[in-house]
Amino acid sequence: MSDESDESDESDESDEPGERAMIPSEDEAAAPAGAAPSAAAPPAASAPASPREPRAIDPREPPRASRRDAALIAASVTIGVALAVSFAFDPDREGAPSMLAPLGALYAVLTALTVMWLRRRGELRAALRPLSGDLARGAVVAAGLYGLAMAVQLLLAPRGSPREAWILRLYLHLGDPSADARVFAGAIVFIIAALEEIVWRGLVLRALEGPLGWAKAWLLSSALFAAAHAPTLFLLGDPVAGPNPLLVAAGFGCSIVWGRVVYQTGRLTPAVFAHAFFSWAIVSFPIWRP
């Protein structure tokens with residue numbers, strides 16, 4: 001191999017421990033490690049050294065989306081989800097088995113679009129490939145959020161207070177917390193939550209990161225996720241306790257955590273498990289019962 005490639009290899013090996021290697025493109029990921037260059041390829045010495053392929057991208061530094069494209073993606077997802085949330089949490093659909101169907105259908109379509117978008121950018125395999133420990137990491141994050149939710153519920157809406165009506169309205173809208181059908185509802189919520197994570201962190205966050213940078217995109221995407229649940233302020237409100245902030249506050253706080261998981265791991269899969277397990281636990285093991 002040429003001197004240029006030797007220097008490149010030495011540079012890669014000297015990365016600081018705290019920095020993660022750049023995620024390979026799908027073509028690079030498919031090649032076996034240490035494979036020799038093709039005999040048909042021209043000698044490296046005869047070609048000038050080229051920069052790293054633009055598709056070999058760290059998820060924290062994806063190909064930059066334009067400000068216009070990022071705004072269009074973020075606004076479209078937020079408005080679409082807000083409309084689906086309005087339909088699902090309409091008081092007329094309280095306890096109806098089909099209440100979550102529109103939300104699930106919307107997220108199925110948005111997830112398909114997200115997968116195509118990531119594939120076009122060459123990031124799909126790197127973003128969604130499962131690794132050992134992803135399930136455990138997701139479960140640990142979900143357990144921590146579940147414990148925090150219980151603490152917030154006891155602090156914000158304790159038994160006997162008018163604000164208890166907030167959490168009462170939420171669970172009664174999902175159906176009887178003690179009913180056997182709650183198992184089915186928990187499974188549906190698990191799937192929808194997994195799709196939510198792919199869309200909000202895989203599409204919205206990454207699109208916003210191009211023009212805004214990581215920190216601003218992280219905060220803005222979390223705020224937009226919370227804003228998409230803003231209709232529940234009034235749909236699940238109570239005449240005495242007032243507008244219901246539970247889903248909006250939980251949406252922002254949890255998005256901060258899930259976005260951080262994506263940043264730390266460089267992939268979506270651990271955050272997908274964390275989001276899905278948390279939402280499933282909240283429904284299947286209610287933090288409030290009548």
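Residues numbered from 1 in each chain as written. Predicted model: local features only at pLDDT ≥ 70, side-chain atom pairs only at ≥ 80, totals over all residues. Heavy atoms only, no water.

A.B. asks: Even after reading the chapter, I still don't get the overall build of the protein chain, so can you show me in this structure?
C.D. replies: Looking only at helices and strands, the protein chain features 12 helices and 0 strands. Scanning the protein chain from its N terminus toward the C terminus, one meets helices and strands in the order α-α-α-α-α-α-α-α-α-α-α-α. For the protein chain, the proportion of its 290 residues judged to be buried stands at 45%. Here the analysis covers contacts within the protein chain between residues at least 6 apart in sequence; of these, 82% occur between residues at least 24 apart. Element-wise, carbon and sulfur atoms account for 65% of the exposed surface of the protein chain, whose accessible area totals about 15100 Å². (Helix = DSSP H or I, 4+ residues; strand = E, 2+ residues; numbered from the N terminus. Buried < 20%, exposed > 50% of the residue type's maximum accessible area, 1.4 Å probe, protein only. Contact = heavy atoms within 4.5 Å. Areas by Shrake-Rupley, 256 points an atom, 1.4 Å probe, with all protein chains shown as cover.)

A.B. asks: I keep staring at the nonpolar core and nothing clicks. Help me out?
C.D. replies: Nonpolar side chains tend to gather and get buried jointly when the protein is soluble and globular. One finds Val77, Val81, Tyr107, Trp200, Trp258 and Phe278 to be the most contacted residues of the largest nonpolar core, which totals 66 residues. The element that contributes the greatest number of residues to this core is helix 8 (residues 182-212), accounting for 14 residues. Look past the residues within four positions of Trp200 in its chain and what remains in contact with it is Val77, Thr78, Val81, Tyr107, Leu205, Ser221, Leu224, Phe225 and Ala228. (Core = buried A, V, L, I, M, F, W, Y, C linked by side-chain atoms within 4.5 Å.)

A.B. asks: Just checking my understanding: could you explain the pattern of salt bridges for this structure?
C.D. replies: A side chain of one charge can pair with a side chain of the opposite charge if their charged atoms are brought near each other. Enumeration according to the criterion identifies 7 salt bridges in this entry. A salt bridge links Arg121 to Glu123, with the nearest nitrogen and oxygen atoms 2.9 Å apart. Across this residue pair, the class does not change: Arg121 and Glu123 are buried. Close ionic contact of Arg267 with Asp134 constitutes a salt bridge, the shortest N to O distance being 2.8 Å. Placement of Arg267 in the loop between helix 11 (246-265) and helix 12 (269-284) and of Asp134 in helix 6 (residues 134-156) is noted, with a sequence separation of 133 residues between them. For Arg267, a relative accessible area of 6% gives the class buried. Several salt bridges converge on common partners, so that one network encompasses Arg121, Glu123 and Arg206. (Salt bridge = Lys/Arg side-chain N within 4 Å of Asp/Glu carboxyl O.)

A.B. asks: What exactly am I supposed to notice about helix 3 (residues 67-88) here?
C.D. replies: The periodicity of an α-helix, 3.6 residues per turn, causes residues three or four places apart in sequence to face the same way. Taking 1.5 Å per residue, 22 residues should reach 32 Å; helix 3 reaches 31 Å between its end C-alpha atoms and fits that length. Taken together, the buried positions of helix 3 are occupied by Ala70, Ile73, Ala74, Val77, Thr78, Val81, Ala82, Ala84, Val85 and Ala88. (Expected span 1.5 Å × (residues − 1).)

A.B. asks: Hey, could you run me through the packing of aromatic side chains in this one?
C.D. replies: A ring pair, where both rings are aromatic, is described by two values, the distance of the centres and the angle of the planes. Tallied over the full model, the rule gives 7 aromatic pairs. Measuring from ring centre to ring centre gives 5.3 Å for Trp280 and Phe285, while their planes differ by 85 degrees; the resulting arrangement is edge-to-face. Classification of Trp280 by relative accessible area gives partly exposed; the value is 31%. What makes Phe285 partly exposed here is its relative accessible area of 45%. An aromatic cluster is present here, built from Phe190, Phe273 and Phe277 joined pairwise through their rings. Here the basic side chain of Arg93 rests over the ring of Phe87, its NZ or CZ set 3.4 Å away from the ring centre. The aromatic ring of Phe225 is capped on one face by Arg201, whose charged end is 5.8 Å from the ring centroid. (Phe/Tyr/Trp six-rings, centres within 6.5 Å; stacked < 30°, edge-to-face > 60°. Lys NZ or Arg CZ within 6 Å of the ring centre and 35° of its normal.)

A.B. asks: Teacher, can you tell me more about the packing of helix 9 (residues 214-228) against helix 11 here?
C.D. replies: Between two packed helices, both the angle of their axes relative to each other and the distance between the axes serve to describe the pair. Running from amino to carboxyl end, helix 9 crosses helix 11 at an angle of 145 degrees, the nearest separation of the two axes being 8 Å. The handedness of the crossing between helix 9 and helix 11 comes out as right-handed. Residues Trp214, Trp218, Leu219, Ser222, Ala223, Phe225 and Ala226 of helix 9 lie in contact with helix 11, whose contacting residues are Val248, Gly251, Phe252, Ser255, Ile256, Trp258, Gly259, Arg260 and Tyr263. For the contact of helix 9 with helix 11, the class distribution of residues is 11 nonpolar, 4 polar and 1 charged. (Axes fitted to C-alpha atoms, helices over the stretch in contact; angles between N-to-C directions. Left-handed = near helix turned anticlockwise from the far one by under 90°. Nonpolar A, V, L, I, M, F, W, Y, C, P; charged D, E, K, R; others polar.)

A.B. asks: What am I meant to see in helix 6 here?
C.D. replies: For helix 6, which comprises 23 residues, the first-to-last C-alpha distance of 32 Å matches the rise-based estimate of 33 Å (1.5 Å per residue) to within 8%. Along helix 6, the residues that are buried comprise Asp134, Gly138, Val141, Ala142, Leu145, Tyr146, Ala149 and Gln153. Those residues of helix 6 that are buried lie in contact with helix 7 (164-174), helix 11 and helix 12.

A.B. asks: What should I look at first to understand the confidence of the model for the protein chain in this one?
C.D. replies: Regions with low pLDDT carry predicted coordinates that are not meant to be interpreted in detail. Confidence along the protein chain averages 81 in pLDDT terms, with 76% of residues attaining 70 or more. Throughout residues 1-60 the model reports pLDDT below 50, and contacts reaching past four residues in sequence, or to other chains, amount to 51 contacts. (pLDDT = per-residue confidence, 0-100.)

A.B. asks: Honestly, the layout of surface pockets in this entry has me stumped. Any pointers?
C.D. replies: It is the rolling of a water-molecule-sized probe over the atoms that shows where space remains empty. In this structure, the second largest pocket occupies an estimated 860 Å³ of space. In this structure, the second largest pocket is lined by 35 residues; those nearest its centre are Leu246, Leu247, Ala250, Phe278 and Ile282. Contributing elements (two or more residues each) for the lining of the second largest pocket: helix 6, helix 7, helix 8, helix 11 and helix 12. Per-element tally for the lining of the second largest pocket: the top contributor is helix 11, with 8 residues. Looking at the lining of the second largest pocket residue by residue, the classes come out as 28 nonpolar, 6 polar and 1 charged. (1 Å grid on protein atoms, 1.4 Å probe; cavity = no way out; pocket = protein on both sides within 12 Å on 5 of 7 lines; lining within 4 Å. Points joined across faces, edges and corners; volume = space filled by probe spheres on them.)

A.B. asks: Explanation requested: the environment of Trp117 in the structure shown.
C.D. replies: Residue placement: Trp117 occurs in helix 4 (residues 101-120). Residue Trp117 is classed as buried on the basis of its relative accessible area, which comes to 11%. The spatial distance from the C-alpha of Trp117 to the C-alpha of Gly202 is 9.2 Å, given a sequence separation of 85 residues. In this structure, Trp117 is in contact with Ile73, Gly202, Leu203, Arg206 and Ala207, ignoring residues within four places of it in sequence.

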